[in-house]
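# Topology and contacts: notes
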Amino acid sequence: MEFLKFAVFLSLISVSFAHEPLNSHLLPRPLIIEYPETLGTRSAPDDEIRLQCTSWRVAVEANNVSPWKTIPEECADYVKEYMAGRGYGVDLERVSSEALSFARSVEVQEDGRDVWIFDIDETLLSNLPYYAEHGYGLEVFDNLQFDKWVETGKAAAIGPSLRLYEEVCGLGFKVFLMTGRGEKMRCVTVENLKDAGFQKWDRLMLR
């Protein structure tokens, strides 16, 4: 029966075309898309650099790049645009959202063994002003210069991380903070954290 319906449909289609004047626009024909000659070549060098720099960034984030000291020179503008633009903020929001979803899925016990560990630099506190002054990674990292920045105590909270921290505390997790900063930076780090909105934790571990 289904085959009969299909055959009748084909017959009607044939009759329909038979009563129409021949018009190539009504008949099935290959779809050919014509591109302007300049399409694909305009800004090709810039597109290639962006592609290469995106590939490098993803590889670094996946820890698939051997130890490096500076970003590729040709990626300076790309990294600056990413860090100072919307891209970095979107990534922070996404990661914090995923972490929060996980935190809410945990049934926190009262035995004090449910611990949430936060890194400090570039997780809770942003050192973006420091990196902006030093080429967003074009310069080899200088521990002494970075310590001078740390001593100012001006690192701002990373918004999505602050909200995650507050939620984690509210869920009943113990909070441990860890950092590669030296022990001599404990006092300024504590003050900076509190000024930025991180008011309590159970342990602060410095190098």
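Described in the following lines is the structure provided in the data block. (Residues numbered from 1 in each chain as written. Predicted model: local features only at pLDDT ≥ 70, side-chain atom pairs only at ≥ 80, totals over all residues. Heavy atoms only, no water.)

### Some details on the state of the cysteines
Considering all chains together, one arrives at one disulfide under this definition. What pairs with Cys-53 in a disulfide is Cys-75, and their sulfur atoms sit 2.1 Å apart. Handedness here is read from the sign of the S-S torsion; for Cys-53 and Cys-75, about -95°, the answer is left-handed. In this pair, Cys-53 is assigned in helix α2 (residues 44–61) and Cys-75 in the loop between α2 and α3 (76–84), connecting sequence segments 22 residues apart. Grouping residues by exposure puts Cys-53 and Cys-75 together as buried. (Disulfide = S-S within 2.5 Å. Helix = DSSP H or I, 4+ residues; strand = E, 2+ residues; numbered from the N terminus. Buried < 20%, exposed > 50% of the residue type's maximum accessible area, 1.4 Å probe, protein only.)

### Section: the sheet that holds strand β5 (residues 203–205)
Ordered in space as β1-β4-β5, the three strands form an open sheet in which the pairing is parallel. Each edge of the open sheet carries a strand with a single partner, namely β1 (115–119) and β5. Strand after strand, the sheet turns through a mean of 20° between neighbouring axes, direction not considered. With three bridges connecting them, strand β4 (residues 174–178) and β5 associate as parallel partners. When the bridges of β5 are listed, Leu-177 appears paired with Leu-204. (Pairing = 2+ DSSP bridges. Axes fitted to C-alpha atoms, helices over the stretch in contact; angles between N-to-C directions.)

### Details of helix α8 (residues 186–196)
The set of residues buried in α8 consists of Val-188, Thr-189, Asn-192, Leu-193 and Ala-196. The buried side chains of α8 occupy one side of the element, clustering within an arc of 135° when seen end-on. Exposed and oriented more than 90 degrees from the buried face of α8 are Cys-187, Glu-191 and Asp-195. For α8, the secondary structure elements touched by its buried residues are β2 (125–126), α6 (143–152), β3 (156–157), α7 (159–171) and β4. A positive backbone phi angle near 115° is found at Gly-197, which sits one or two residues after α8. (Arc of directions from axis to C-beta. Contact = heavy atoms within 4.5 Å.)

Shape is all these values report; function is a separate question.
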